[in-house]
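Working through the structure, step by step
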Amino acid sequence: MSSTFAGVYKALSGIQTSQLQLQVTGQNMTNVSTNGYTRQRADVYSVGSSGNNMRYASTTAAVGAGVMATGVSQLRDPYLDIRFRSENAKVGDTTTQLSAMSDIENVLDEVKTDGLEAQMKALVSQLQNLCEDAGNGVSESTVKTSASILVNMFNNYSEQLSSIRNQQKGYLKDNAVNKVNQLIGNISHLSEEIRMSEISGSSALELEDQRNSMLDELSQYVNIEIQKNSVDIGSGRTVDELSVYLVGASGTKHTLINNEEYAKFGFGMGTSATTGKECVNVTLTDLSGSTKTINSELSTGVFHGYLKILNENGEYDAGFAVIDPVSYNPTGETSSASGHGIGYYQLSLDTLAQKLAAVMNAANSTSTENKPLFASSVAGEQITASNIALSSQWENSTGAYITTTKQPSGVEDNSKATDNILAMIKEFSTDIDFQTENGVSLFTGTFQEFVTNLSNTLGLEQGNISSQNNTYSTTLATIDKQRLSVSSVDINEEGINLIMYNQAMTAACRFMTTLDESLDNVISKMGIVGR
Amino acid sequence: MRVTMTMISKQYSKNLNSNLSSLNEAGNKTTNFRKFNKASEDPFSAAKAYQLRREYQQNQDYQSNLSLAQSMLETAESSVTTINNIAQEVNSTDILKAITSTMASNDKKIVSTKLRATQEAIVSTMNTQLGSNYLFGGSGAASAPFTLDANGNLLYRGVNVNTGENSAGATSDVNGTKICFGVANTDLFNGYTITIEQGLNLGRGIESINVSGGNIAITLNAEGSNNGELQTALQNQLDNAFTAAGIGTAGMDFSKITVSGNASATVKTSEFVSGNMVKSTISNIVDLDALANEKIYVDLGLGLNVNNNNVQAQSAFNISMPGIAYLGYGTNADGTPKNIYSLLGKIADQLESGGFSMDNVKPYLNAFDDSQQQLLTKITDIGARTDTLEYTQKRLENMEDSLLAKIDKVEYENPVDAIMDYKMQQYTYTAALQIGTNILQPTFLDFMK
């Protein structure tokens, strides 16, 4: 049998709960457009009658003791978070590559009609013109001008590619690495705060929203995995402790955050053990303070995008004896071609410049006279796209320098012969097997075809990455939509809740007044019959 | 699925953005009508476009070469026709046909004077220039090809057109390396042989030079030396060898020896000995046939083929017109010159000489008939070359048209399609905007009281 005034407290619990629910609704409505906000819900239970402390079983029906709110919780699907984050890493990877590639494409743009290939065409045209007026210093100077524009263009392309490389290096070093370190630090501090407030008994939902947003952001850079452990803090309560791991290419997990402890990424320059070429290194200083390079572990995310663009030289990486990165001993295997980063395009231009110089120099020289047309502007250095220049002999010659024939007739003056000029023109339509320093075949075709092939390789690759990026972005958007579907606030719903909770409150109040009235009957009106 | 306002507005703004970017792309196409602006937009079309552009540029080059060749041939044809007219006029009844054994000495004087004047006209016509080039100079068209030596002999680029004697002195063309012995030594070295040993690999140059003949046999180690070093070695060591052998060096000027050319050229005029040895006899006589058949090639898109520094004859167009091929060179079996200029000179000499007889002049007159016939054949040859050019020009022009059409198809958008597409995108965008104002629907809150 419940006490006389038990109902009053039941009504009170109803009023208090409705009030709380109205508050939660208000919180939801005010945050309708807050980014990363997860809609909240009051956890409400009905309170049962407590009859078990009675000595004897009650014979009367037991009624519950009203309603009680135990707390406020979020509506969120952790599985969608995992999917979102793994997809976000792929989007980060492809977006980074795409942005660098479109920069490279602006340099290697052969669709416009003033590119490297067009300048080669111009040089051939000038050689054709020279056939009409061979041995004439004036006609030859137009060939010289055209060739000098060509070498300038090589220098220019090379410089632009270098500056793209430096930019990308800067982005990785100053933006990506710093940003990730900042995020990791913030997540760790937030986790600590969340834990503290959970220990003190209040839920920190808004802080969790913030942390989730940061984890989303972090997932763009590296492939992460999040683990939450419930820890018993006594009196039957638990708090969640958060750990974040970097999942490597081999599946190894590297701890990034463990409560208040966290790891730190770093940036460094080095050379590849296998190819000996310059490369950038991303390092990780783990919780114990030891630092190691983790390039090979970064299989996706923005970091991987930068590493691919900066470190991979395509066919130029092939054919080297592979050196074990730990023991520094050869593994007995030969390296294979990697992806086409900036290095591939830079080295390809170098190969082209070398080949062009070698072929044209041989065409102009005779066996007894070395008459190079092109040379390196830095004495003693191998010709590259950045240093190719007109040879000083040609540069300083005032008269006819181009060899017009290699088969002089019996008389003195053979300057008008054209057979060697035609041989030079022919070189521009002769197929050449372009190879890397290790003899890995790059392309077989003419000089001009090599340039356009380079531009096309880039175009195809870009198309490929771009369609990958589209797929990943679409998937990401779909997952995000699903997340929003679960977690975002709907005004209609909240409006209905508003009415519902308001009505519930009114009902609880009405229950109170009804009780009051019924008790009034008992207290004031009972036993006065006939008075 | 639970749908919220946030989702709807997010999706709407995303879609509107992609609409706008399509509109922007379509707008670009209506201004430049290009199908692609970057290779990545359409790599396959870009590859095709590059190839077509290359072919188009080649076509333009060929046409420019062709128009020059045409103007050269036209000018040459008119010059050679002039020479032919002169020859015909000379050969007419007024002049050569009027020569009889009973001619009055006055008449002989008139005819010989006329012949001498005609000679001058022939030389000046054959030294015709087009731009800065001498048309009939073969590969040495920088200076006037026809000159006269002190004795009134006609020289073609310094070479006597009848005897082939080089006024610059003896030369030895050893597999492309030209060793010239200078005017002072004109025929003093004749008969000696020069053997050049080449490096085994192409481009390695000369290894050694042997000079032999009489009591002389010297070997110069010349590995890796350039033309200048060879020249010095030859000058000094030949001098020493001749002196040591006790051969009189009177009149010999070793400092006039020069070396030029390219030793790795394909074996052409010299005698091939064995392996990498080639031999040549020193002589001051130039091969006139070789001079008359000299070729200067221009590329007209006939499938240029250069093999070991030799342009394949059918793969390029020959624009060379060596003057001696028209005027004639060398001598007939009976010793009469074949050259028109020389013949006229000889006839004039006969007329002016005291012991004039028809028997003496007759062989020259006959030879003149032959040479004139030869000239006519050469005019026909120019005509044939002009025809080839015309045919090639038509072919190149047709090719240009078809290339332009192809380029247009691969690179450029049909304006109608581009504008239609733009209009369509505009319509879609406008529609999307209109929907947008309605998409944020009234909520439940609007109906709450």
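These figures come from a predicted structure and were not determined experimentally. (Residues numbered from 1 in each chain as written. Chains lettered and ligands numbered in written order. Predicted model: local features only at pLDDT ≥ 70, side-chain atom pairs only at ≥ 80, totals over all residues. Heavy atoms only, no water.)

Once that is clear, we can look at the interface of chain B and chain A. Taken residue by residue, the interface counts 78 residues in chain B and 69 residues in chain A. Taking both partners together, chain B and chain A bury about 6000 Å²; carbon and sulfur atoms supply 53% of that area. For chain B, the biggest contributors to the area lost against chain A are R2, Y50 and R54 of chain B; these three give 12% of the whole. The tally of links from chain B across to chain A stands at three salt bridges. Its salt-bridge partner being R54 of chain B, residue E117 of chain A comes within 2.8 Å of it at the nearest N-O pair. The interface formed by chain B and chain A contains 23 residue pairs in polar contact (both at pLDDT 80 or more). Breaking the side of chain B that touches chain A down by element, the ones donating at least two residues are α1 (5–32), α2 (43–90), β6 (171–174), β7 (177–180), β14 (297–298) and β16 (310–311) of chain B. No other element matches the 14 residues that α2 of chain B contributes to the side of chain B that touches chain A. Grouping the constituent residues of the side of chain B that touches chain A by class yields 33 nonpolar, 31 polar and 14 charged. (Contact = heavy atoms within 4.5 Å. Buried area = accessible area lost by both parts, 1.4 Å probe. Salt bridge = Lys/Arg side-chain N within 4 Å of Asp/Glu carboxyl O. Polar contact = N/O pair within 3.5 Å; in protein donor to acceptor, adjacent residues only side chain to side chain. Helix = DSSP H or I, 4+ residues; strand = E, 2+ residues; numbered from the N terminus. Nonpolar A, V, L, I, M, F, W, Y, C, P; charged D, E, K, R; others polar.)

Turning our attention to the pairing of strand β8 (residues 278–285) of chain A. Residues and elements named next belong to chain A. Buried residues dominate β8, accounting for six of its eight residues. As paired elements, strand β7 (residues 264–271) and β8 share eight bridges and run antiparallel to each other. When the sheet's bridge partners are listed, G268 is paired in β8 with N281. Counting the residues between successive antiparallel strands, the hairpin from β7 to β8 contains six residues, one of them, G276, with a positive phi of roughly 70°. As paired elements, β8 and strand β9 (residues 291–293) share three bridges and run antiparallel to each other. For T283, the partnering residue across the bridge sits in β9 and is T293. (Buried < 20%, exposed > 50% of the residue type's maximum accessible area, 1.4 Å probe, protein only. Pairing = 2+ DSSP bridges.)

Let us now look at the pattern of salt bridges. Scanning the model with the defined rule gives 26 salt bridges over all chains in all. With a closest N to O distance of 2.7 Å, R195 of chain A and E241 of chain A form a salt bridge. Taken as a pair, R195 of chain A in helix α4 (residues 137–199) and E241 of chain A in strand β4 (residues 238–247) lie far apart in primary sequence, 46 residues in all. E241 of chain A carries the same exposure label as R195 of chain A, and that label is buried. A salt bridge links K29 of chain B to E413 of chain B, with the shortest nitrogen-to-oxygen separation between them at 3.8 Å. Residue K29 of chain B is found in helix α1, and its partner E413 of chain B is found in the loop between α8 (358–411) and α9 (415–439); the two are separated by 384 residues along the sequence. Look at E413 of chain B and you get buried, because its relative accessible area is 19%. It is possible to trace a salt-bridge network through shared partners that takes in R76, D81, R85, D216, D480 and R483 of chain A together with K10 of chain B.

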